[in-house]
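Per-entry structural report
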Amino acid sequence: MRLALVTRVVAFAKAFHGQIFRYYVRMSAAKPLVIVTRKLPQPVETRLAALYGARLNYDDKPFDAAALKCAVAEADILVPAITDRIGADILSAAGTQLKLLANFGAGLDHIDLAAARARGLVVTNTPGVLTEDTADLTMALILGVPRLIPQGMAQLARDDFPGWSPTWMMGRRLDSMKLGIVGMGRIGQAVAARARAFGMEIHYHNRRRLDAELGAVFWPNLDAMLPVIDMVSLHCPRTPETYHLFNAERLARLREGAYLINTARGDIIDEAALADALASGRLAGAGLDVFEHEPKVHPKLKAQPNAMLLPHMGSGTIEARTAMGDKVIANIAAFLRGEVPPDKVV
Ligand code: 8YV
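Since we're looking at a predicted model, the values are computed, not measured.

**So, the confidence of the model for the protein**
The pLDDT averaged across the protein works out to 94; a share of 92% of its residues lies at or above 70. The low-confidence segment residues 23–28 (pLDDT under 50) makes two contacts with residues lying over four places distant or belonging to another chain.

Shown next, in the form of structure tokens:
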């Protein structure tokens, strides 16, 4: 009899633990413990501290696995970022008090979503507010690589400007170049709109054809698109299917003298194969904001004069990073009110 009662109480607690948690937080004076793994823009941290029992990372030292395990064992809500690898191993250290992973960032490839789902966790992200800034930075690479900006800057840095010459530093004109966008989501579409304004002809490969008339050529088959375009720009999410999508074989399908741009995730490209293609001159240049083993950059890539390399700055504006923080707070607030957070992914 007593055992049956205990079993029913446990079953009830399991089924309703999210609601019970939110009710407890609302009714008790205690504010939920929100652990934030990285330093966020000041206005965001000020609001987090005012609203919750926020534990902030003032010196911005990234959490290692041990620190992450301690955090999930203690926090009611964790605010991670891309530098936190939250796999099943980390989540297995979580206490039952952990309810929400409110990620600061759009991409969620650093979190094992299946493991989070299995533990009944809610996971949110911050899409939309970094679209324009990431597309702007992509344009900087699209403009910079064919116009030899890295080579020109390196020449000046070496104090080696021999003076103007009609045949020196001749890049390639963007107008009429065919740009192939891989992944036509928010950022892919924002890049397409910008590139079109520079006269580029837009082609795209996506899981599905977009309904809206984009004035762009849809390629259901990526391999068929690659030999046709002059430049490829990656905007697909990093999933098991897109890991090393651009391996040596696929890079070889690009035209001789083509360009490659990546502001999505580093390991969508086999970096060693890309470095070889650049060194041999088969590819004319690459613009990369993300790397396979971030923050490490493949030494052979760093040695290529035709590689324009940036340290993961796509969403790096005060406006975007503040708006991302605002989204984190909106997701937490909705969750605590018992609503479905606006950016719930799991
Ligand atoms: C973010 C990004 O700054 O949002 C993303 O997916 O790649 C970056 O622009 C980073 O993820 C923060 O966690």
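**Description of the sheet that holds strand 9 (residues 231–234)**
Strands sit in the order 8-7-6-9-10-11-12 across an open sheet of seven strands; the sheet is parallel. Pairing within the sheet leaves two strands with one partner each, and these edge strands are strand 8 (217–218) and strand 12 (307–309). Sheet topology note: the strand 6 (residues 178–182)/strand 9 ladder contains four bridges and is parallel. Bridged to Leu179 within strand 9 is Met231.

**A look at the environment of Gly183**
Take Gly183: it is sitting in the loop between strand 6 and helix 8 (186–197). The exposure class assigned to Gly183 is buried, which follows from the 22 C-beta atoms found within 10 Å. Sequence spacing of Gly183 and Ala50 is 133 residues, and the spatial spacing of their C-alpha atoms is 39 Å. The residues contacting Gly183, other than those within four sequence positions of it, are Gly188, Asn206, Leu234, His235, Cys236 and Ala264.

**Digging into the pairing of strand 7 (residues 201–205)**
With respect to burial, strand 7 is a largely interior element, four of its five residues being buried. Pairing geometry for strand 6 and strand 7, over five bridges, is parallel. Paired with Leu179 across the two strands is Ile202, which belongs to strand 7. Once you follow strand 6 into helix 8 and on to strand 7, the crossover reads as right-handed. Relative to strand 8, strand 7 runs parallel, the two sharing two bridges. Bridging across to strand 8, Tyr204 finds its partner in Phe218.

**Quick word on the nonpolar core**
Counting residues in hydrophobic clusters, the biggest one holds 49 residues, and the most contacted among them are Val232, Ala258, Tyr259, Ile261, Leu274, Leu283 and Ala286. No other element matches the five residues that helix 6 (residues 131–144) contributes to this core. Val232 has contacts with Gly180, Val182, Leu226, Leu254, Ala258, Leu260 and Ile261, leaving out every residue within four places of it along the chain. Judged by nonpolar contacts, the second largest core, of 38 residues, contains Val79, Leu98, Leu108 and Leu130.

Here is what the cut-offs are and how they apply
Residues numbered from 1 in each chain as written. Predicted model: local features only at pLDDT ≥ 70, side-chain atom pairs only at ≥ 80, totals over all residues. pLDDT = per-residue confidence, 0-100. Contact = placed C-beta atoms within 7 Å. Pairing = 2+ DSSP bridges. Helix = DSSP H or I, 4+ residues; strand = E, 2+ residues; numbered from the N terminus. Buried ≥ 20, exposed ≤ 12 C-beta atoms within 10 Å, placed from the backbone. Right-handed = clockwise from strand over helix to strand, strands pointing away. Core = buried A, V, L, I, M, F, W, Y, C linked by C-beta atoms within 7 Å.

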